[in-house]
Amino acid sequence: MPEPQLTLVAELIAQPGKEEMVRQELLSLIEPTRAEAGCVDYFLHESLESPGHFLFYENWVSEEALAEHAQTPHLQRLGSLVPVMLTGAPRLFKLRRLA
């Protein structure tokens with residue numbers, strides 16, 4: 001039986017005054033991530049009520065594909081920018097679909 005797909009929701013909150021910088025950095029992840037072999041879906045959202053509050057909704061073919069994504073140069077670059085752009089570490093929620 002094939003392994004069920006993995007869903008990840010990542011919440012990122014920009015530091016005040018850095019909303020546009022964060023938005024552009026996050027948008028730069030879309031194309032290279034969607035090209036990764038294990039990526040099923042990769043969508044970026046921004047809160048209508050709180051600009052600078054971002055959520056990624058991601059689906060991966062496996063835990064291994066997500067782990068490979070974490071090692072890509074584009075995601076490593078984002079990790080190096082977190083302390084100067086975000087209010088704290090991104091909150092990550094790994095999920096499996098029940099129905």
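The structure presented is a predicted model; accordingly, all values stated were derived computationally and were not measured. (Residues numbered from 1 in each chain as written. Predicted model: local features only at pLDDT ≥ 70, side-chain atom pairs only at ≥ 80, totals over all residues. Heavy atoms only, no water.)

Peer 1: Would you explain the pairing of strand β3 (residues 53-60) in this entry?
Peer 2: Strand residues, when the strand is regular, have side chains that alternate between the two faces of the sheet. Bridging between strand β1 (residues 6-13) and β3 involves eight bridges; their strand directions are antiparallel. Opposite Ile13, over in β3, you have His53 as the bridge partner. Note: strand β2 (residues 39-46) against β3, seven bridges, orientation antiparallel. Within β3, the residue paired with His45 across the bridge is Leu55. Remark: six residues form the turn of the hairpin made by β2 and β3, two consecutive strands paired antiparallel; Gly52 in that turn has positive phi of roughly 95 degrees. (Pairing = 2+ DSSP bridges. Helix = DSSP H or I, 4+ residues; strand = E, 2+ residues; numbered from the N terminus.)

Peer 1: Mind showing me how you'd approach the nonpolar core here?
Peer 2: Taken as a class, soluble globular proteins show a tendency for nonpolar side chains to be buried jointly. In terms of nonpolar packing, the biggest core is built from 21 residues, with Leu12, Val22, Leu26, Tyr42 and Phe56 touching the most fellow members. For this core, the secondary structure elements donating two or more residues are β1, α1 (19-34), β2, β3, α2 (63-70) and α3 (73-85). Filtering out sequence-adjacent residues up to four positions away, Val22 remains in contact with Ala14, Phe54, Met85 and Leu86. (Core = buried A, V, L, I, M, F, W, Y, C linked by side-chain atoms within 4.5 Å. Buried < 20%, exposed > 50% of the residue type's maximum accessible area, 1.4 Å probe, protein only. Contact = heavy atoms within 4.5 Å.)

Peer 1: I would appreciate a short explanation of the sheet that holds β2 in the present structure.
Peer 2: Strand pairs in the sheet, formed through backbone hydrogen bonds, run parallel or antiparallel to each other. Strand order in this open sheet of four strands is β2-β3-β1-β4, and the pairing throughout is antiparallel. A strand with exactly one partner marks an edge of an open sheet, and here the two such strands are β2 and β4 (91-95). Ignoring strand direction, the axes of neighbouring strands in this sheet form an average angle of 15 degrees. Packing of α1 onto the sheet brings it into contact with β1, β2 and β3, and relative to β2 it is tilted by some 165 degrees. (Axes fitted to C-alpha atoms, helices over the stretch in contact; angles between N-to-C directions.)

That is the geometry; function is a separate question.
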